[in-house]
Amino acid sequence: MHDYDLLVVGSANADLVINVERRPSAGETVLGSDLAIHPGGKGANQAVAAARLGARTALLARVGDDTYGRLLLDSQRAAGVDTTGVLVGEAPTGVALITVDPSGDNSIVVSPGANAKLTPTDVRPAAGLLRVSRVVSAQLEIPLETVMEVIRNLPPDSRFVLNPSPPRTLPSEILKACDPLIVNEHEARVILGQRRVSEDPKEWALMLLALGPASVVVTLGGNGALVASAEGITRVDPIEVEAVDTTGAGDSFTAALAWRLSQAASLTDAAIYAARVGAAAVTKHGAQDSFPTAEEVAAL
C-alpha cells in the first residue's frame, strides 16, 4: 500500500528575491527592487508543486528553529504536504539570494544552513516514509551521502528521480538508480565532465544514458525537452508563453514529471505534462507562488 505518490528528499530555503535591470559585473553595484521573501529550496519547491497538482506528497528535509523555518513549514502545510519528515534545528534555515532580470532569467546563490545537516542518520529513521512512497525525488542541495543513503533504503517497487542541481560528478551507484535523471544543459555538461561534448542535446542524452541511468530527461528551456531511454529519444515540444520569472520552473517540471510517473504515465507523457506545468509556472513571479493547480495547467 502506497500512502504517498511522491516523497521529496531535499532542501528547504527562504528565497530572498530582488528584481534588477541587469545583474552586476564583478565589483559593480546595481540598485534593485524592494526585497521579497518567499518559501523556496528545490526540495520544498518540488513538494509544493506536486501537492498543488493533486499528488499525495511528503517532504524529508531540515529547517532551522527560526522565522524562515516556520515560513517553510507553513507553506508546506498550506499546500497539503505531509511534513512528518521535516526535521527542525541544528543550524539556521537555508537561504537563497536571487536576482531576477527583466527577461525573467535569474541568478541564485545558496547558503545551505540546515540543509547541510540533513545526513544519512536522518534517512534511516525515515525508512517508513520511503516504504510507502511510489516515487522518491531528490536534488543536490543536500549532502551527496544523504542521497546515496536514500537510494540504499529504497524499496524494490519505488522509482527514484534525480535532478542533480547544483551539479557535480556523480558516483555510478547514484546514476544507476535514476529513472530518470533530469538535467539542463549546464548540469549535463558538468556530469559528463572531461568527455568531449558536442552542441547536440541528443548526444548529451545518449552519453548520459551510457553512464547508467535507466532514463534521462534533458530540459532545453524555451526549446522543450528530450526524453531518452533504451527505447530511443523523443522530443517534447515547448509550450509558448510569455515568461516573467523562471525561478522554480525546473522544480515544477521535475515535480510534475515525478507525480505523473507515480500515476503510471509513460516517461514521454509525463514529460509532456511537466512541460505544460513548467510553462505555467514562468508566467508568474516567485517560485512556490507561481506553481499551478491541475486546473490551471489544463486551461493553459
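Here is what the cut-offs are and how they apply
- Residues numbered from 1 in each chain as written.
- Predicted model: local features only at pLDDT ≥ 70, side-chain atom pairs only at ≥ 80, totals over all residues.
- Heavy atoms only, no water.
- Helix = DSSP H or I, 4+ residues; strand = E, 2+ residues; numbered from the N terminus.
- Rg over C-alpha atoms; globule rule 2.2 N^0.38 Å.
- Buried < 20%, exposed > 50% of the residue type's maximum accessible area, 1.4 Å probe, protein only.
- Contact = heavy atoms within 4.5 Å.
- Areas by Shrake-Rupley, 256 points an atom, 1.4 Å probe, with all protein chains shown as cover.
- Lys, Arg positive; Asp, Glu negative; His and termini not counted.
- Charge placed at Lys NZ, Arg CZ, Asp CG, Glu CD.
- Polar contact = N/O pair within 3.5 Å; in protein donor to acceptor, adjacent residues only side chain to side chain.
- 1 Å grid on protein atoms, 1.4 Å probe; cavity = no way out; pocket = protein on both sides within 12 Å on 5 of 7 lines; lining within 4 Å.
- Points joined across faces, edges and corners; volume = space filled by probe spheres on them.
- Nonpolar A, V, L, I, M, F, W, Y, C, P; charged D, E, K, R; others polar.
- Pairing = 2+ DSSP bridges.
- Axes fitted to C-alpha atoms, helices over the stretch in contact; angles between N-to-C directions.

1. A word on the overall build of the protein chain
Looking only at helices and strands, the protein chain features 11 helices and 13 strands. Taking 19 Å as the expected radius of gyration for a compact globule of 300 residues, we find that the protein chain reaches 18 Å, a close match to that expectation. Going through the 300 residues of the protein chain one by one, you find that 55% of them count as buried. Considering only contacts within the protein chain whose residues lie at least 6 apart along the sequence, 64% involve residues at least 24 apart. Accessible surface computed for the protein chain: about 12,700 Å², of which carbon and sulfur atoms make up 51%. Separation of charge centres in the protein chain, based on 24 positive and 35 negative side chains, amounts to 5 Å.

2. Observations concerning helix H8 (residues 201-209)
Considered for burial, the residues of H8 that qualify are Pro 201, Trp 204, Ala 205, Met 207, Leu 208 and Leu 209. Residues of H8 that are buried in the fold lie against strand E10 (178-183), helix H7 (185-192), strand E11 (215-219) and strand E12 (225-229). Backbone nitrogen of Lys 202 and a side-chain oxygen of the N-cap are separated by 3.0 Å at the start of H8; the cap is Asp 200.

3. Thoughts on empty space enclosed by the protein
Per the counting criterion, the structure on display carries 1 cavity of 30 Å³ or more. Along its surface, the largest cavity is lined by Ala 12, Ala 44, Leu 59, Ala 61, Val 63, Leu 72, Leu 73, Gln 76 and Val 86. Elements that contribute at least two residues to the lining of the largest cavity include exactly strand E4 (57-63) and helix H2 (67-79). Here the residues of the lining of the largest cavity sort into 8 nonpolar, 1 polar and no charged.

4. Looking at the sheet that holds E11
What the 9 strands build is an open sheet, ordered E5-E4-E1-E8-E9-E10-E11-E12-E13; its pairing is mixed. Each of the sheet's edge strands pairs with one partner strand only, and the pair in question is strand E5 (86-88) and strand E13 (232-236). The mean inter-strand angle of the sheet, taken between neighbouring strand axes irrespective of direction, is 20 degrees. Pairing geometry for E12 and E13, over 5 bridges, is antiparallel. The partner of Ala 225 across the bridge, within E13, is Val 236. Here helix H10 (residues 267-281) sits on the sheet in contact with E10, E11, E12 and E13, set at roughly 20 degrees to E13.

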